[in-house]
Amino acid sequence: MMLPNIEQLKITYKNLPDDKLMRLAVAEATSLRPEALEILQAEIKSRGLDNDIVNSVNAQLIDTGSKEFDDYISLIRNQPCPACNSTHQPLNAAVIGTVKSFILLTRYKKKLMIACPTCLQQANQSGTSTTALLGWWGLPWGIIRSTQALISNIKTAKKIKSTEPTDTLIAFVKTNIGIIESLRKNKQSLQAMLDSVNKR
């Protein structure tokens, strides 16, 4: 499959409505090749769109582990907890597994949660307890999925206790860094984004 040439890219981006152009810039810049990025940024500037959109593109190109990336991690960790609204502990992230079985039906739910360590621990314990009580009853997957969830939750419990950002939080920030950059000046919108993660 041939990639579109520069002229085709210019035409494509020029014909995109503002909202689709901004969505591409904020969420998908890392999937674009370098010349496409330059054309995208030029189109954003030529339309006079918010300069924060260009900053969102640049943010997606930051290397994990750099000082700049660590600043985004700190920005998220210093928000109020989406679960309890506390600001006493830095936020972290975890994937919590819960299994429920009903004879022939087994449901294994993996939920990403961003919260303070206390709320993460409570959610992890809840997922573990639910799995231990209701996960085993499905045949044949209940026992298999319950075992997987319980092992995963035990590992998660250890990670939650660490003061360092979890791999899950680092991955979340890396995936969403463009969106985070576009919202960083609006604390209410940034908090709403974190709330929406926990409601999925």
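Just above sits the structure.
Nothing here was measured: the structure is a model prediction, and the numbers come from that model. (Residues numbered from 1 in each chain as written. Predicted model: local features only at pLDDT ≥ 70, side-chain atom pairs only at ≥ 80, totals over all residues. Heavy atoms only, no water.)

### Examining the overall build of the protein
What the protein contains, in helices and strands, is nine helices and two strands. Taking 200 residues into account, the globule formula puts the C-alpha radius of gyration at 16 Å, and the protein, at 21 Å, lies well above it. The principal-axis extent of the C-alpha atoms belonging to the protein is close to 60 × 45 × 25 Å. Within the protein, contacts between residues separated by at least 24 positions form 67% of all contacts whose residues are at least 6 apart in sequence. The centroid of the 25 positive side-chain charges in the protein is displaced by 12 Å from the centroid of its 17 negative side-chain charges. (Helix = DSSP H or I, 4+ residues; strand = E, 2+ residues; numbered from the N terminus. Rg over C-alpha atoms; globule rule 2.2 N^0.38 Å. Contact = heavy atoms within 4.5 Å. Lys, Arg positive; Asp, Glu negative; His and termini not counted. Charge placed at Lys NZ, Arg CZ, Asp CG, Glu CD.)

### Concerning the packing of helix H6 (residues 117-134) against helix H7 (residues 141-161)
Relative orientation of the contacting elements H6 and H7 amounts to 165°, with a least axis distance of 10 Å. Here H6 lies roughly antiparallel to H7, going by the angle between them. In terms of crossing hand, the pair formed by H6 and H7 is left-handed. Residue-level inspection shows Pro117, Leu120, Gln121, Asn124, Gly127, Thr128 and Thr131 of H6 in contact with H7, the latter providing Ser146, Ala149, Leu150, Asn153, Thr156, Ala157, Ile160 and Lys161. The residue makeup of the contact of H6 with H7, split by class, is six nonpolar, eight polar and one charged. (Axes fitted to C-alpha atoms, helices over the stretch in contact; angles between N-to-C directions. Parallel < 35°, antiparallel > 145°, perpendicular 65-115°, else oblique. Left-handed = near helix turned anticlockwise from the far one by under 90°. Nonpolar A, V, L, I, M, F, W, Y, C, P; charged D, E, K, R; others polar.)

### What to know about a positive patch on the surface
Together, Lys155, Lys158, Lys159 and Lys161 make up a positively charged patch on the protein surface. Within the element layout of this structure, lysine 158 appears in helix H7. Take lysine 158: its relative accessible area is 62%, and that puts it in the exposed class. (Patch = residues over 30% accessible without salt bridge, like charges linked within 9 Å, V, L, I, M, F, W, Y side chains within 5 Å. Areas by Shrake-Rupley, 256 points an atom, 1.4 Å probe, with all protein chains shown as cover. Salt bridge = Lys/Arg side-chain N within 4 Å of Asp/Glu carboxyl O. Buried < 20%, exposed > 50% of the residue type's maximum accessible area, 1.4 Å probe, protein only.)

### Observations concerning the environment of leucine 105
In this fold, leucine 105 is placed in strand E2 (residues 105-115). When its relative accessible area of 52% is taken as the criterion, leucine 105 is described as exposed.

### Quick look at the nonpolar core
Formed by 29 residues in total, the largest nonpolar core has its most connected members in Phe172, Val173 and Ile180. Secondary structure elements with two or more residues in this core: helix H5 (67-77), strand E1 (92-102), E2, H6, helix H8 (167-183) and helix H9 (187-199). Here this core takes six residues from H8, the largest share from any one element. Dropping the residues within four chain positions of it, isoleucine 180 is found in contact with Tyr72, Leu75, Ile76, Phe172, Val173, Leu190 and Met193. Grouped together as the second largest cluster of nonpolar side chains are 17 residues, Tyr13, Val26, Ile39 and Ile53 included. (Core = buried A, V, L, I, M, F, W, Y, C linked by side-chain atoms within 4.5 Å.)

### What to know about H7
Relative to the 30 Å expected for 21 residues at 1.5 Å per residue, H7 spans 30 Å between its end C-alpha atoms, a close match to the ideal helical length. Within the sequence span of H7, burial applies to Gly142, Ser146, Ala149, Leu150, Asn153, Thr156, Ala157 and Ile160. Along the axis of H7, the buried positions cluster into a sector of 130°, meaning they face one direction only. Among the exposed residues of H7, those oriented more than 90 degrees off its buried face are Ile154, Lys155 and Lys158. For H7, the elements touching its buried residues are E1, E2 and H6. (Expected span 1.5 Å × (residues − 1). Arc of directions from axis to C-beta.)

### Focus: the packing of helix H1 (residues 6-15) against helix H3 (residues 34-46)
With their axes 10 Å apart at the nearest point, H1 and H3 run at an angle of 35° to one another. Relative to H3, H1 is oriented so that their crossing is right-handed. Across from Ile6, Leu9, Lys10, Tyr13 and Lys14 in H1, the residues of H3 making contact are Glu35, Ala36, Ile39, Leu40 and Glu43. Here the contact of H1 with H3 is composed, by residue class, of six nonpolar, no polar and four charged.

### Here's the deal with the side chain of glutamine 121
Within the fold, glutamine 121 resides in helix H6. Judged by its relative accessible area of 18%, glutamine 121 falls in the buried class. Contact partners of glutamine 121, with chain neighbours within four places excluded, come to Ala157, Ile160 and Lys161.

### Considerations on the pattern of salt bridges
Two side chains carrying opposite charge are able to pair once their charged atoms lie near each other. All chains considered together, the criterion is met by eight salt bridges. The residue lysine 10 makes a salt bridge to glutamate 7 at a minimum N-O spacing of 3.8 Å. Here lysine 10 pairs with glutamate 7, and both are found in helix H1, just three residues apart, close to one helical turn. You can call lysine 10 partly exposed: its relative accessible area is 39%. Aspartate 18 is the salt-bridge partner of arginine 47, the closest N and O atoms lying 2.7 Å from each other.

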